[in-house]
Every structure is written in structure tokens, then in C-alpha cells.
Amino acid sequence: MTQETKHPHVAPLTVLETRRTTLREVPFDEVRAIIAGEPAADRWAWAPGYPFDGTVGGAKLVVRMVAADAYRPGFGLYQVVDRASGLAVGDIGFHSAPDAAGEAEIGYGLIEAYQGRGLATEVVEALLAWTFRQPGVTAVRAETDEDHLPSRRVLEKTGFTFLGSDGETRKYAKRREAGS
């Protein structure tokens, strides 16, 4: 299920539901709060260990996109909210809106206590499904550290194709299926 809500600074925000999580695109004011390390306690609580360095990096990417007028609704940072606890336990998002070739890159992470449960696969699948319904998107790229086997498995389970490695980073891509 997908729903959109209005945001005064950017545009409609996307919310995606999975079986066990809610992927909630982070409003711009909360993006700034993440960078400052201040949870929006009136909206979402953070699980211990969240946010992590990658979260702050993702939030900074959103700030840069907005500042450069390159933000496209839906192609921001999403908090992964565990439905059972109501806590933000990780995030997934885009490094930028799709480029001229229709390609976008994603990144994701979960706090350690929520790893190994199939949640990363679940949230990547949900974001991919949404992404490939967007006009002009032809492919989604992702990278992972060479030695990060769990992340490699997530990408392989969700249909990404291994493109190569520089010895430190493995590159993957998933193309839009014909007719979708």
C-alpha cells in the first residue's frame, strides 16, 4: 500500500507498507533533525543504535538534493519503522533522483538488533516495487562492501545483478522488467 502526504517544503511524501514495517519518507525538517542527532519524538521514536553514520550521510544527500533543486518526490530518505515496536530501526533511500538515463542508486541499513530477520530484503523489495512504478526509471543501482555478505545476499535475493568489484566495493544493478 502506498500513500502520500503533503509537506510544506518539498512535496508529497511517500509511505510504503510492508508486512512488518512502514517505510516513511522523512520530511525535510526531520532530515535536518537526523543530521543534528535530534529525534522527532512527537512522531517517531528511534530504537537504540539509530541513527547510524549511513543515516546521517543519507540525510545530508537529501539536503543537497533540495538545495540544488534536484529533489524528486519519493526519491529521498525513508525510515524503516518496525510495526511491532513503533521504533525507527533503520533506513533505506536514494543517493539522488534518477539520472538522465533513468537510473537511481539506493542504500540501506538496519540496526544490529534487527539484522538477520529478512527485514532488509522486505524493505528493498518494497522500495524497488515503488521505484519501478515511477515514470522514466530504467534501473536501480546499489553498492556494498566486498566483505559484507549479508548485504550481498539481500541484493541477490531481490534480483540485482552483480556488475563487478574493485576489490573493496561490489556494484549491482536491477533493470526494469520489460512491460513494467
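Right above here is the structure, for reference.
Residues numbered from 1 in each chain as written. Predicted model: local features only at pLDDT ≥ 70, side-chain atom pairs only at ≥ 80, totals over all residues. Heavy atoms only, no water.

S.K.: Now, about the overall build of the protein: what can you tell me, with residues and values included?
M.R.: Counting its secondary structure elements, the protein contains four helices and ten strands. Secondary structure of the protein in N-to-C order comes out as β-β-β-α-β-α-β-β-β-α-β-α-β-β. In summary, the protein has a C-alpha radius of gyration of 15 Å against a globular reference of 16 Å for 180 residues, a match within 12%. Scored against the burial criterion, the 180 residues of the protein give a buried share of 48%. Looking at the protein alone, contacts between residues at least 24 apart form 55% of all its contacts between residues at least 6 apart. For the protein, the computed accessible surface area is about 9000 Å², with 51% contributed by carbon and sulfur atoms. When the 21 basic and 25 acidic side-chain charges of the protein are each reduced to a single mean position, those positions are 4 Å apart. (Helix = DSSP H or I, 4+ residues; strand = E, 2+ residues; numbered from the N terminus. Rg over C-alpha atoms; globule rule 2.2 N^0.38 Å. Buried < 20%, exposed > 50% of the residue type's maximum accessible area, 1.4 Å probe, protein only. Contact = heavy atoms within 4.5 Å. Areas by Shrake-Rupley, 256 points an atom, 1.4 Å probe, with all protein chains shown as cover. Lys, Arg positive; Asp, Glu negative; His and termini not counted. Charge placed at Lys NZ, Arg CZ, Asp CG, Glu CD.)

S.K.: Can you explain the layout of surface pockets? Please cite residues and give values.
M.R.: Each pocket or cavity is described by its volume, and for the largest pocket that value is around 790 Å³. If you trace the largest pocket, you find 37 residues lining it, with Tyr108, Gly109, Leu110, His148 and Ser151 closest to the centre. A per-element tally of the lining of the largest pocket places strand 7 (residues 103-110) first, with six residues. (1 Å grid on protein atoms, 1.4 Å probe; cavity = no way out; pocket = protein on both sides within 12 Å on 5 of 7 lines; lining within 4 Å. Points joined across faces, edges and corners; volume = space filled by probe spheres on them.)

S.K.: Please set out the packing of helix 1 (residues 28-36) against helix 2 (residues 53-67) residue by residue, giving values where relevant.
M.R.: Where helix 1 contacts helix 2, the axes come no closer than 9 Å and their chain directions differ by 135 degrees. With respect to their mutual orientation, helix 1 and helix 2 come out oblique. Helix 2 is crossed by helix 1, and the crossing has left-handed handedness. Touching Phe28, Val31, Ile34 and Ile35 of helix 1 are Thr55, Val56, Ala59, Lys60, Val62, Val63 and Val66, all from helix 2. (Axes fitted to C-alpha atoms, helices over the stretch in contact; angles between N-to-C directions. Parallel < 35°, antiparallel > 145°, perpendicular 65-115°, else oblique. Left-handed = near helix turned anticlockwise from the far one by under 90°.)

S.K.: Tell me about the nonpolar core, residues and numbers included.
M.R.: Ranked by internal contacts, the top residues of the largest apolar core, which has 44 residues, are Leu23, Tyr78, Ile92, Phe94, Ile106, Leu127 and Phe160. Of all the elements, helix 3 (residues 119-131) adds the most residues to this core, at eight residues. Setting aside its immediate chain neighbours within four residues, Ile92 contacts Leu23, Gly76, Leu77, Tyr78, Val80, Gly107, Tyr108, Val123, Val124 and Leu127. (Core = buried A, V, L, I, M, F, W, Y, C linked by side-chain atoms within 4.5 Å.)

S.K.: Give me the lowdown on a negative patch on the surface, citing residues and values where you can.
M.R.: Where like charges cluster on the molecular surface, the negative patch consists of Asp145, Asp147, Asp166 and Glu168. With respect to the helices and strands, Asp166 occurs in the loop between strand 9 (161-165) and strand 10 (169-175). (Patch = residues over 30% accessible without salt bridge, like charges linked within 9 Å, V, L, I, M, F, W, Y side chains within 5 Å. Salt bridge = Lys/Arg side-chain N within 4 Å of Asp/Glu carboxyl O.)

Nothing here speaks to function; it is all geometry.
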